[in-house]
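Overview (structure and organization)
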Amino acid sequence: MAHTPVNHPARPVYRAIGGLIGLYLVVFGVLGVIASAGNDFFAQDDTKVLGQGTNLGFSLLSVLFGVVILVGTVIGRNLDVAINQWLAYTLMVISLAGLAFLQTDANVVNFSILTVIVLMTLSLVLLMVGMYGKVGTEDEKEAWQKARLVL
């Protein structure tokens, strides 16, 4: 039994939101690479992009994640759903780890509290996008509707 909606009427909107999150990550990452050019890969300095702390390592990771989300969004066919859900969980773990090590020498991704808040928000929205973006046959949609109506 599926636990997420199939063929949700707002799927195109959710798919667009996923694409915008991917685009944001790419833009943030590219600006971060430009701002941290010449620094160490995991520099712990005052480099900020869009108000968020970053370094070359996290900027490149952001570009990678953003490109993967954009490719999944373009391909569709429920690949975007899987990518969005997995990357949402990954971004949550990264942001929570960043929060845990924020004021320590272990802050290798040079996070600030704003970076943690933005990353956690993006991951939650990306998870929602993944949960409501599934496409299926009419039989799958009907089965989900019937299962949803059972109390």
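Read on for an overview of the structure. (Residues numbered from 1 in each chain as written. Predicted model: local features only at pLDDT ≥ 70, side-chain atom pairs only at ≥ 80, totals over all residues. Heavy atoms only, no water.)

**Details of the overall build of the protein**
If you tally the helices and strands in the protein, you get five helices and two strands. Ordered by position in the sequence, the α and β elements of the protein form the string α-β-β-α-α-α-α. Counting the 151 residues in the protein, one finds 41% classified as buried. Looking at the protein alone, contacts between residues at least 24 apart form 75% of all its contacts between residues at least 6 apart. (Helix = DSSP H or I, 4+ residues; strand = E, 2+ residues; numbered from the N terminus. Buried < 20%, exposed > 50% of the residue type's maximum accessible area, 1.4 Å probe, protein only. Contact = heavy atoms within 4.5 Å.)

**Details of the environment of Leu79**
On the secondary structure map, Leu79 appears in helix 3 (residues 79-100). By relative accessible area, Leu79 is classed as partly exposed at 37%. Taking the C-alpha atoms as reference, Leu79 lies 9.8 Å from Ile69; in sequence the two are ten residues apart.

**Examining the nonpolar core**
In terms of nonpolar packing, the biggest core is built from 21 residues, with Leu25, Phe58, Ile69, Phe111 and Leu126 touching the most fellow members. Secondary structure elements with two or more residues in this core: helix 1 (11-35), helix 2 (56-75), helix 3 and helix 4 (113-132). Examining the composition of this core, we find that six residues originate from one element, helix 3, more than from any other. The contact partners of Phe58, leaving out residues within four places of it in the chain, are Phe28, Ile94, Val109, Phe111, Thr115 and Leu119. (Core = buried A, V, L, I, M, F, W, Y, C linked by side-chain atoms within 4.5 Å.)

**A word on unusual backbone geometry**
The backbone of Arg77 shows a phi angle near 50 degrees, a positive value even though the residue is not glycine. On the secondary structure map, Arg77 appears in the loop between helix 2 and helix 3. Positive phi values are uncommon outside glycine, yet Asn78 reaches one of about 70 degrees. Examined against the element boundaries, Asn78 turns out to sit in the loop between helix 2 and helix 3. Looking at Asn78, the relative accessible area reads 26%, which means it is partly exposed.

**Regarding the side chain of Asn107**
Among the secondary structure elements, Asn107 is positioned in the loop between helix 3 and helix 4. A residue is classified by how much of its surface remains accessible, and Asn107, at 7% relative accessible area, is buried.

**Here's the deal with helix 4**
Compared with an ideal rise of 1.5 Å per residue, which puts 20 residues at 28 Å, helix 4 spans 29 Å between its outermost C-alpha atoms and is within 8% of the ideal. Along helix 4, the positions that sit buried rather than exposed are Thr115, Val116, Leu119, Leu122, Ser123, Leu126, Leu127, Val129 and Gly130. Seen from one end, helix 4 has its buried residues packed into an arc of 160 degrees, which puts them on one side. On its buried side, helix 4 packs onto helix 1, strand 2 (52-53), helix 2 and helix 3. (Expected span 1.5 Å × (residues − 1). Arc of directions from axis to C-beta.)

**Things to note about helix 1**
Under the 1.5 Å per step criterion, the end-to-end length of helix 1 is 36 Å for 25 residues, consistent within 8% with the ideal 36 Å. Buried within helix 1 are the following residues: Arg11, Tyr14, Gly18, Gly19, Ile21, Gly22, Leu25, Val26, Phe28, Gly29 and Gly32. The inward-facing, buried residues of helix 1 contact strand 1 (48-49), strand 2, helix 2, helix 3 and helix 4.

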